[in-house]
Amino acid sequence: MSKDQRKKMLILMINMFIAVGSFGIIIPILPAYLLSIGQGGTAAGLMIAIFAGAQLVMSPIAGKWTDRYGRRIMIISGLSGLALSMFVFYFSDSIGVLYLSRVIGGVGAALLIPAIFAYVADITTMDQRAKGNSFISASMSLGIVIGPGIGGFLADFGLKMPLLISAIVGLAAVAFSAFMLEESMDTKIEVPNEKPEPMVKEIAQSFNKPYFIPLVITLVMSFGLMAYESVLGLFVDNVFGATPKDIAVLVTSTGIISVIIQLFAVDWIVRKFGEAVVLNIFLALAALGFLLSIFVPSYIMFFGVTMIIFLSTSILRPVLTTLISKLAGNEQGFAMGMNNAYMSIGNVLGPLLAGLLFDVHILYPFILGLIVLVITIFVSMKWKGPRNISM
């Protein structure tokens, strides 16, 4: 990449890290904070589902706006929404207002994420696309890992301190992007200036797109990963007697490995084997991880299996985004909006179904994930789309 490309990629990575980290930073304080206002597990689950639901509803619209109005303004707007959501969260103790803050945050994420990936598509060649997307995915993974750690540290200075710091950092990111980030589109894409269509109709339009199968796989990957993560702590606590420290080490270690892989290995793997082959290999590896989860007899072995699953998804995420981007042509904004929408569907359904199944039988979430992944592998192997594009 040229010096100018590297500069722009760095700005995008910082923005994505702040966006993801701003949500992760509240995770350590959420149980104690909700307890302090008389709320419990139901509220905690709704906080996650509402954020993902708002992101899902807004993503298709945001994708079209990205093509119509440009990447820069959508990135700045998305960061502004995330910062506002943290300020609303900080200044209120009403559960209804807190839910509202999650709606604002979900909308902000919907505006930001498709625009960032569309920006990457604008400034990279087909040959550079996988590397660029892997850098953005690495910054997402880093935010997931670092955010909760920072939140736990800041909580020592007050239960709501992570919220305030997150909001201030978000505002700084808005100002930083306003001054430093240039528009990446040479000319705005002509998108009909009509009333936004319902989300369901937007998603229905994606059925006929050449990147529909990668979108479905994105949904499945998000579904499986969020289902796995949502019951991970409960599972190792119930089966292996893991402590909170054990769980923290598990999540942090796997997250760090994911970041390293995305930064230094994804581009080489894709260049050597191609997106289609990599997709099938790591879907199969993720399925193997879910299968082994059912049988592992110890915490250490389960740690290794979790590493396999997280490693697989850390490679699948940028590969899928790259495939969608290559097949999208000049509708990068809409395609990335759909990518975000399908991911959000998985993020909503995964935890909800996993939680319900976990209460029926502790192994059922893993069995469901395995079945869904096996079906997806067969669909992926039958798909011929990548052969029609330049690699």
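In this numbering scheme, every chain counts its residues from 1 along its sequence in written order. Residue-level local features of this predicted model are given only where pLDDT is at least 70; pairs of side-chain atoms are given and counted only at 80 or more, and the full residue set underlies all totals for whole chains, interfaces and linings. With hydrogens and water excluded, all non-hydrogen atoms of the structure serve as input to the side-chain values.

### Points about the overall build of the protein
- Across its full length, the protein holds 15 helices and zero strands.
- Classification of the 391 residues of the protein by burial places 54% in the buried group.
- Exposure was quantified through the Shrake-Rupley algorithm and a 1.4 Å probe, taking into account, for residues, occlusion by the shown protein chains and nothing else. For the protein, the computed accessible surface area is about 16,400 Å², with 71% contributed by carbon and sulfur atoms. Going along the chain from the N terminus, every DSSP run of H or I of four or more residues is numbered as a helix, and every run of E of two or more is numbered as a strand. Remark: exposure states derive from per-residue accessible area (1.4 Å probe, protein chains only) relative to the maximum for the residue type, with buried under 20%, exposed over 50%, and partly exposed in between.

### A look at the side chain of Ser312
- Secondary-structure assignment places Ser312 in helix α13 (residues 299-328).
- For Ser312, the side chain forms a polar contact with the main-chain oxygen of Ile308, separated by 2.8 Å.
- Only heavy atoms matter for contacts: two residues are in contact if any of them lie within 4.5 Å across the pair. Ignoring anything within four residues of it in the chain, the contact list for Ser312 reads Phe282, Leu285 and Ala286. Polar contact criterion, stated in full: a pair of N or O atoms within 3.5 Å, where within protein one must be able to donate a hydrogen and the other to accept it, and residues adjacent in sequence count only if both atoms are side-chain atoms.

### Some points on the packing of aromatic side chains
- Ring pairs are drawn from Phe, Tyr and Trp, using the six-membered ring of Trp, whenever the two centres fall within 6.5 Å, and their geometry is named by plane angle: stacked under 30 degrees, edge-to-face over 60, tilted for the rest. A full pass over the atoms with the stated rule returns 12 aromatic pairs.
- Pairing Tyr228 with Phe290 gives two aromatic rings, centres 5.4 Å apart and planes at 65°, and the pair type is edge-to-face. Here Tyr228, found in helix α9 (residues 212-240), pairs with Phe290, found in helix α12 (residues 275-293); they are 62 residues apart in sequence, far enough to count as distant. Phe290 matches Tyr228 in its accessibility class, with the two residues each being buried.
- Relative to Phe366, the ring of Phe302 has its centre 6.3 Å away and its plane inclined at 70°; by these criteria the two rings are edge-to-face. Of this pair, Phe302 sits in helix α13 while Phe366 sits in helix α15 (residues 364-382), and the two are 64 residues apart along the sequence.
- Given the relative accessible area of 1%, Phe366 is considered buried.
- Among the aromatic residues, ring-to-ring pairing joins Tyr228, Phe235, Phe240, Phe290, Phe302 and Phe366 into one connected group.

### Looking at the nonpolar core
- By size, the foremost hydrophobic cluster in this structure holds 96 residues, and its most contacted members are Leu12, Ile75, Ile136 and Tyr228.
- Element by element, the count of residues in this core is highest for α13, at 14 residues. Side-chain atoms within 4.5 Å link the members of a nonpolar core, which is a set of buried Ala, Val, Leu, Ile, Met, Phe, Trp, Tyr and Cys residues.

### Here we look at the environment of Ile136
- On the secondary structure map, Ile136 appears in helix α6 (residues 129-154).
- Ile136 sits 16 residues away from Val120 along the chain, and the two C-alpha atoms are 8.6 Å apart.
- In this view, Ile136 contacts Met9, Leu12, Met13, Met16, Ile116, Phe117 and Val120; residues no more than four positions away in its chain are not counted.

### Brief notes about helix α7 (residues 161-180)
- By definition here, a helix of n residues has an expected span of 1.5 Å times n minus one. In this model α7 runs 28 Å from its N-terminal to its C-terminal C-alpha over 20 residues, within 8% of the 28 Å that 1.5 Å per residue would give.
- Of all the residues in α7, the buried ones are Pro162, Leu163, Leu164, Ser166, Ala167, Gly170, Ala173, Val174 and Ser177.

### Digging into the packing of helix α5 (residues 95-123) against helix α14 (residues 332-360)
- One can describe the packing of α5 onto α14 by two numbers: an axis separation of 8 Å at closest approach and a directional angle of 130°. Here α14 runs oblique to α5, going by the angle between their axes. Of the two elements, α5 crosses α14, and the hand of that crossing is right-handed. Facing Ala109, Ala110, Ile113, Pro114, Phe117, Ala118 and Ala121 of α5, the residues of α14 in contact are Gln332, Gly333, Met336, Gly337 and Asn340.
- Gly falls in the polar group here, along with every residue not listed as nonpolar (Ala, Val, Leu, Ile, Met, Phe, Trp, Tyr, Cys, Pro) or charged (Asp, Glu, Lys, Arg). The class makeup of the residues in the contact of α5 with α14 is eight nonpolar, four polar and no charged. The axes used here are C-alpha line fits, helices contributing only the stretch in contact, and every angle between their N-to-C directions lies in the interval 0 to 180 degrees. The scheme is simple: roughly parallel for angles under 35 degrees, roughly antiparallel for over 145, roughly perpendicular for 65 to 115, oblique for anything else. If you view the pair so one helix is near and one far, a crossing is left-handed when the near helix is turned anticlockwise from the far one by less than a right angle, and right-handed when it is turned clockwise.

### Focus: the environment of Arg271
- As for its position among the elements, Arg271 is in helix α11 (residues 266-273).
- Judged by relative accessible area, which is 48%, Arg271 ranks as partly exposed.
- Note: C-alpha distance between Arg271 and Asp127 (144 residues apart in sequence) is 8.5 Å.

### Looking at the pattern of salt bridges
- Salt bridges are identified by distance alone: a Lys or Arg side-chain nitrogen within 4 Å of an Asp or Glu carboxyl oxygen. Counted under the stated rule, the structure contains five salt bridges.
- Taking the shortest distance from any N to any O, the salt bridge between Asp67 and Arg71 comes out at 2.9 Å. When sorted by exposure, Asp67 lands in the same class as Arg71, which is buried.
- Two residues, Arg71 and Asp122, come together in a salt bridge whose shortest N-O distance is 2.7 Å. Taken together, the residues span a long stretch of sequence, with Arg71 in helix α4 (residues 71-90) and Asp122 in helix α5 at a distance of 51 residues.
- Residue classification places Arg71 among the buried positions, given a relative accessible area of 2%.
- Accessibility expressed as a relative area gives 29% for Asp122, which makes it partly exposed.
- Where salt bridges share partners, they join Asp67, Arg71 and Asp122 into one cluster.

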